[in-house]
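One-letter residues, chain by chain:
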Amino acid sequence: MRVAVVGAGPAGLTAAYLLKISGHQPMVFEAEEWVGGRTRTIRLDTGHHLDSGAGWLAGFYRETLGLLEAVGMRDALVPIDLRSCAFLSEGGKLVRVPTGPVSSLSFSLLGPKDRLKILLWGAGLVMRQPRGDLGVDLRFDTTSAEVHILKSVGRSAAQVVFEPLVSALYSGLRELSAASVRSFARALLFTRFYSLSDGMDSLWLRLAEEVEVQTDSPVRRIAAPANGGVELVLDSGSARRFDGCVVAAPITRVRDVIDGVDLPPWVDSVRYAPHVRAYAVRSGSTQRAEIHPVGGEEDVVTVSRGSGGWLWGALPQGYSAALVGAAGKLALDLLDEPDEKVGRLLWERAAAVDPDLFGIDRCRLVRVVKWPEAVPVFAPGHLSNLASWKQAPPVVFAGDWTRAPCIEGAVRSGIEAAKVFGRA
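So, how was this worked out
Residues numbered from 1 in each chain as written. Predicted model: local features only at pLDDT ≥ 70, side-chain atom pairs only at ≥ 80, totals over all residues. Heavy atoms only, no water. Pairing = 2+ DSSP bridges. Helix = DSSP H or I, 4+ residues; strand = E, 2+ residues; numbered from the N terminus. Axes fitted to C-alpha atoms, helices over the stretch in contact; angles between N-to-C directions. Buried < 20%, exposed > 50% of the residue type's maximum accessible area, 1.4 Å probe, protein only. Contact = heavy atoms within 4.5 Å. Salt bridge = Lys/Arg side-chain N within 4 Å of Asp/Glu carboxyl O.

Draft legend 1. Representation of the sheet that holds strand 2 (residues 25-29). Ordered by their spatial adjacency, five strands build an open sheet running 10-2-1-14-21, and the pairing between neighbours is parallel. Single-partner strands in this sheet number two, and they are strand 10 (212-214) and strand 21 (395-397). On average, adjacent strands in this sheet sit at an angle of 20° to one another, irrespective of strand direction. Note: strand 14 (residues 244-247) against strand 21, three bridges, orientation parallel. Bridging across to strand 21, cysteine 245 finds its partner in valine 395.

In structure tokens, the structure reads:
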């Protein structure tokens, strides 16, 4: 079968790679000039690159790690330590995030009762979900994470620990399904973290070598006519016919151009949360730290800083860098602002979070990255909707929004999409 794949991110390239192995003829269409989607790596100089979207892989990413093995890239994995350098900032005072049950007993931002509640909640999570592999317990899916966390550990623990850590990566607790947050909390409890030596997009660049990819090719219409097959209309106006199609672009970008495909009504409510980041580099050194502020989710600003080695990518020796990130309403407000204004505003906010952050005026390089669709919002009920959704050719959907809001979710969705078409 000739199968079109719309989107050259982890989901689309995984699907295309496996379709080819199964004897099909995939052709990938990517709207941007690069492949890798939200794993994009910005290469700044020899030995210096910035992973502008997803910044790490985890030990429970079994399918992603399997892909690395399959294409001979297992040696590209570089272990990184995100636990020992994690801090919470309360009014500019940094407090180390506990790395395990023992250290949590002396966590100064919470009282003894709150610490015990978190320990008991974590123990219950492990008992209910023994395997930390992104499995979900749908009994918690109709409840918001905010309601669940407040009921389980109390308001202090929710505001001090859960809200800062969750909202920076995904969305505010009130927007998320409790089942989704529990799934990630369980998976992250004991996992290890890795980067890729040549950038987070290096795996997808490698897969793109195995299949036909057309970049800078936005798709303006995806139609499934009554007489069978799929028709794609490109930005140029040209039309292409295929036997099937995997739609692996963010659903918010393509749902208005799909014709003749019966999508469940709930798909219209799927949305993404934005992230905005400013990356700055200077000569010298600084202490390694990942800092999350204790405060409201509407103006979340996080700080990652470190010296030569790794900081959301490869950083040359003799230099230090910081990556300041915004999520929530602040990120939404900054999407349309000029980059220079965004960089300075984020740095001002970050200085209140991190008293040791160096000034942006002393930096040799400043780069602003904007992701309008950084991560899908797994709202209450979303996982249950996915569980009841049965896909079939000729048009099949993939992407993190169909599985889990991370690289591994995208990869698993690509695997599942390829399986729908079977062997040629």
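Moving on from the coordinates now.
Draft legend 2. Local environment of the pairing of strand 4 (residues 48-51). Side chains of strand 4 alternate between two faces, with His48 and Leu50 and His49 and Asp51 buried alike. Where strand 3 (residues 41-45) and strand 4 come together, four bridges link them in antiparallel fashion. Paired with arginine 43 across the bridge in strand 4 is histidine 49. Here strand 3 folds back onto strand 4, and the loop between the two strands holds two residues, one of which, glycine 47, carries a positive phi near 75°.

Draft legend 3. Fine view of the environment of phenylalanine 87. Within the secondary structure layout, phenylalanine 87 lies in strand 7 (residues 86-90). Using a relative accessible area of 9% as the deciding quantity, one classes phenylalanine 87 as buried. Between the C-alpha atoms of phenylalanine 87 and phenylalanine 140, which are 53 residues apart in sequence, the distance is 29 Å. Once residues within four sequence positions are removed from consideration, phenylalanine 87 is found in contact with Leu94, Val95, Arg96, Val97, Gln287, Arg288, Ala289, Glu290, Ile291 and His292.

Draft legend 4. Local environment of the pattern of salt bridges. Going through the model one piece at a time under the given rule, you end up with 23 salt bridges. Note that glutamate 290 is salt-bridged to arginine 288, the shortest N-O span being 2.7 Å. The class for glutamate 290 is buried, based on a relative accessible area of 10%. You can call arginine 288 partly exposed: its relative accessible area is 22%. Between arginine 403 and glutamate 416 there is a salt bridge; the shortest N-O distance is 2.9 Å. Residue arginine 403 is found in the loop between strand 21 and helix 13 (407-421), and its partner glutamate 416 is found in helix 13; the two are separated by 13 residues along the sequence. By relative accessible area, glutamate 416 is classed as partly exposed at 36%. A cluster of three or more residues bridged by salt bridges with shared partners is formed by Glu32, Arg253 and Glu373.

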